[in-house]
Amino acid sequence: MIDIHNHIIYEFDDGAKNLEMALDMLKMAADQGITDVFATSHFNEVVHPEMEEDYFRKLDILRNESARLNLNLGLHSGSETFFHHYIENTIKMRRTGTLAEKGLYALMEFPLYLMPNGVEETLFKLNTDGVIPIIAHPERYSALHERPEKILHFIRFGGLLQVNAGSLVGDFGRTVKKIAVWLVENRYVHFIGSDAHSTGGRCFKMDKAAKMLADIVPADYLDAIVRGNGQKILDNVPLEKLAVQEPETPKGFLSRMKEKIGIGVR
Ligand SMILES: [Fe+2]
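What comes next concerns the included structure. In this text the structure is predicted, and so the values were computed from the model without any measurement. (Residues numbered from 1 in each chain as written. Predicted model: local features only at pLDDT ≥ 70, side-chain atom pairs only at ≥ 80, totals over all residues.)

A word on the sheet that holds strand β1 (residues 2-3)
Strand pairs in the sheet, formed through backbone hydrogen bonds, run parallel or antiparallel to each other.
Phase 1: If you trace the 3 strands from one edge of the open sheet to the other, you get β1-β2-β4, paired in parallel fashion. Strands at the two margins of the open sheet, each flanked by one partner only, are β1 and β4 (74-76).
Phase 2: Here strand β2 (residues 36-38) pairs with β4 via 3 bridges, running parallel. Paired with aspartate 36 across the strands is glycine 74, a residue of β4. (Pairing = 2+ DSSP bridges. Helix = DSSP H or I, 4+ residues; strand = E, 2+ residues; numbered from the N terminus.)

Next up, the structure:
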């Protein structure tokens, strides 16, 4: 399996607390059959050069240590960039902006409780610039929980979806699990990622999620979302975009009221 989303870089964000924990996380990853890990620490619009230096220094230490421990893990750079209105510039200007520094895929996240304006334009702009945006854990945005079909809008504007393994196994509650399963069942998802932050509750749960999904989706699709599509990132190959139907035009207030009170609708 290939994990495209986690926080193994230690003493950097809210992920691994120290080198020891980061190495324990990597051992857990290797134990469950993960071969490659993209270290996607949180970044926002302000990225000082010394911050990236610190990131790459720690990534190198983890590469050396995991080789010394014979973990057989490929460690790749990246980031989980918090949405802002000039995110396309930040992504292009930073070494961590795109996954594995290849310039093609960028992992981005939104606020959990409020969906900002301008998301569509940003996704569109990134695509025009040749960058494929990957939306981190769309199932976790509570602003979309009442109308989960709105998640498909990310796809319409050229985004790919990454669902968290923890969401699928119920770590974030029933609603999140239901939406995560719905997205996978309908094949709207391109990647399952761990979003691992520690060795505790939010650790790598890719094996558990994959086992659960084996009963509900075909083997070839499961292989694509836990491995094959991640491999395409490493190979620098663009993934096929999904086509989803446009939503029906919402009914006007008058026709909804007429329907409610039972007049003029046959
Ligand atoms: Fe994350």
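Points about unusual backbone geometry
Phase 1: One non-glycine residue with positive phi stands out, namely histidine 137, at about 30 degrees.
Phase 2: As for its position among the elements, histidine 137 is in the loop between β7 (132-136) and α5 (152-156).
Phase 3: Positive phi is not limited to glycine here, since aspartate 195 has a value of about 50 degrees.
Phase 4: The residue aspartate 195 is located in the loop between β9 (191-193) and α8 (206-214) in this model.

Topic: α8
Phase 1: Met206, Ala209, Ala210 and Leu213 are the residues of α8 that are buried. End-on view of α8: buried residues confined to an arc of 100 degrees, all on one side of the axis.
Phase 2: The inward-facing, buried residues of α8 contact β1, α6 (165-168), α7 (174-185), β9 and α9 (219-234). (Buried ≥ 20, exposed ≤ 12 C-beta atoms within 10 Å, placed from the backbone. Arc of directions from axis to C-beta. Contact = placed C-beta atoms within 7 Å.)

Thoughts on the pairing of strand β5 (residues 79-82)
Phase 1: For strand β3 (residues 41-43) and β5, the ladder comprises 3 bridges, and the chain directions are parallel. Looking across to β5, one finds that phenylalanine 43 is bridged to threonine 81.
Phase 2: The pairing of β5 with strand β6 (residues 105-109) spans 3 bridges and is parallel. Within β6, the residue paired with phenylalanine 82 across the bridge is glutamate 109.
Phase 3: Note on the crossover from β5 through helix α3 (residues 87-93) to β6: the handedness is right-handed. (Right-handed = clockwise from strand over helix to strand, strands pointing away.)

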